[in-house]
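Fold and contact review
If you want the building blocks of each chain, they are given just below.
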Amino acid sequence: MSEPAASASEPTYPVVDFAPLDPRVHDDYWNVLTEVREKCPVGWSTSQWSMTESGQWIINTHRDVMAAATDWQTFSSADGVSSVQLPLDILRLIPVETDPPTHREIRKALNPFFTPYALEEKVGEINEVVAGLLEGCLAQEGPVDFVSSFTAKLPPVVFLGPGFLDSTEEQGRQLLELVDIMLTKPELTMEAAPKLLAWCGELLESRRAAGRKEDLAGVIAHMGFGEGGLHMDEKQRIETINLAVMAGMETTMGGLGATAWLLGTRPELRARLRDADERTIDRAIEEFLRFATPVSQLSRTATKDVEMGGCPIQKGDRVMLNWAAANLDPAQFPDPLTIDIDRPNVASHVAFGSGIHRCLGAHLARREIKAMVRAICALSRFEVVPDAEIKWRASMARGPVAVPVLLAR
Ligand code: HEM
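Conventions and cut-offs
- Residues numbered from 1 in each chain as written.
- Predicted model: local features only at pLDDT ≥ 70, side-chain atom pairs only at ≥ 80, totals over all residues.
- Helix = DSSP H or I, 4+ residues; strand = E, 2+ residues; numbered from the N terminus.
- Buried ≥ 20, exposed ≤ 12 C-beta atoms within 10 Å, placed from the backbone.
- Near = placed C-beta within 6 Å.
- Nonpolar A, V, L, I, M, F, W, Y, C, P; charged D, E, K, R; others polar.
- Pairing = 2+ DSSP bridges.
- Axes fitted to C-alpha atoms, helices over the stretch in contact; angles between N-to-C directions.
- Parallel < 35°, antiparallel > 145°, perpendicular 65-115°, else oblique.
- Left-handed = near helix turned anticlockwise from the far one by under 90°.
- Contact = placed C-beta atoms within 7 Å.

Observations regarding unusual backbone geometry
Residues Ile94 and Pro95 are joined by a peptide bond in cis, for which omega reads 15°. Positionally, Pro95 belongs in the loop between strand 4 (75-76) and helix 4 (102-110). The amide bond that connects Pro100 to the next residue, Pro101, takes the cis arrangement and shows omega of 5°. In this fold, Pro101 is placed in the loop between strand 4 and helix 4. Positive phi is not limited to glycine here, since Asp166 has a value of about 35°. A positive phi angle, near 35°, is found at Thr293, a position not held by glycine. Mapped onto the fold, Thr293 is located in the loop between helix 14 (278-292) and strand 6 (298-302). With 26 C-beta atoms counted inside 10 Å, the residue Thr293 sits in the buried group.

A closer look at the site of the ligand
Among the 25 residues in the neighbourhood of the ligand, the closest are listed as Gly248, Gly255, Gly353, Cys359 and Gly361. Those elements giving two or more residues to the shell around the ligand turn out to be helix 12 (234-265) and helix 16 (362-377). The residue inventory of the shell around the ligand, partitioned by class, reads 16 nonpolar, eight polar and one charged.

Details of the sheet that holds strand 11 (residues 404-408)
Taken together, three strands build an open sheet; the order of strands is 5-11-10 and the sheet is antiparallel. Both outer strands of the open sheet, strand 5 (144-145) and strand 10 (381-384), are each paired with one neighbouring strand and no more. Across two bridges, the pairing between strand 5 and strand 11 is antiparallel. Bridge pairing in strand 11 links Val144 to Val405.

Structural notes on the packing of helix 12 against helix 16
Direction vectors running N to C along helix 12 and helix 16 enclose 25°, while the axes themselves pass 10 Å from each other. Judged by the inter-axis angle, helix 12 sits roughly parallel to helix 16. Judged by the twist between their axes, the crossing of helix 12 over helix 16 is right-handed. Counting all contacts with helix 12, which are made through Thr251, Thr252, Gly255, Leu256, Thr259, Ala260 and Leu263, the residues of helix 16 involved are Ala365, Glu368, Ile369, Met372, Val373 and Ile376. Partitioning the contact of helix 12 with helix 16 into residue classes produces eight nonpolar, four polar and one charged.

Encoded structure:
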């Protein structure tokens, strides 16, 4: 995309070069985000957003990110939302890269698995998995990497269980191997991605063969055969279950990892949350997500000419919604770099997005994080090794690469 018309003379809006996957952004995350928002509430970023295209609008304030996210008619997701967009004919993330009415019908089918009511039933199972993983950490000698031993394991184990993918041990082992490659070995992604899609395809096929419709995989396997006017082909069904797998795991790992890091570096938080009531823990989790914002940015495409923050956005322009910068906007969250679990408006963060694409799995992620927070706060010791240098994954779902901790019952 070439720079917009105003560039012929001096641009009347700020111009920055903000590349979401640049490791330098992640190494100095909170400062970089603060700087970009201060310099450029809304403006133009020269950064690349697909294999071939560069240049996009970037929205960094809470007010304007909310305005764009809740106006799907103007800011469409159908041309892709990824920070670096893959060709959509190769892989479309469904439902996040669709607009209504298709989007509405797909959400209607998936929502029942992710309501607070449906997830209430999972709490016991999640607590059990958490207790088992923590036992494994406590049994290790010396510092434990809490990411590889705990936060990278909890979301897949829960998602492979009953109600969601309900997979056999062998299917689970294969999936974990593939997800691990996708997360940690980018050079092997092109090889692993088709295998992951094939894995998803086989799971759907097995549900249809068994006539099973009662879990998430079963519902997706039988979706799009004309009910509610929804027509999907098998590739689209595979893309739907693939998004649930990828979005449900990497994002939650990031949220869990960031929360463990915060608890392990701020003893006062652990002390406050040790005997805290449900409401306080829930608020703390929202504040941790606001601060860490694991899914930092996603994009839209303008469907018509529109002005925002003095910028002449034109039909067809790519527009980046910077959720992370919005979550650090002092106009919405005073003193944004301070963790304050008593913020009156903490629930207004956009870590789960906003509008029709607001995260499908938000309540599941919250339940997993809550179970971990309770377990960590019950320990007598949970400290990140002093002076440990924490590296962050420069990915669409950000999280710490490793968090070495010293822990004791
Ligand atoms: C801490 C964990 C998580 C974070 C930070 C997160 C973040 C987000 C964000 C920001 C969006 C909005 C996308 C947009 O507006 O373009 C989103 C959508 C989505 N999330 Fe999550 N997510 C998390 C966990 C999960 C889990 C556990 C699932 C399980 C299936 C999940 C599945 C999805 C799906 C399917 C969408 C697309 C929804 C739609 O298009 O209607 N996410 N998520």
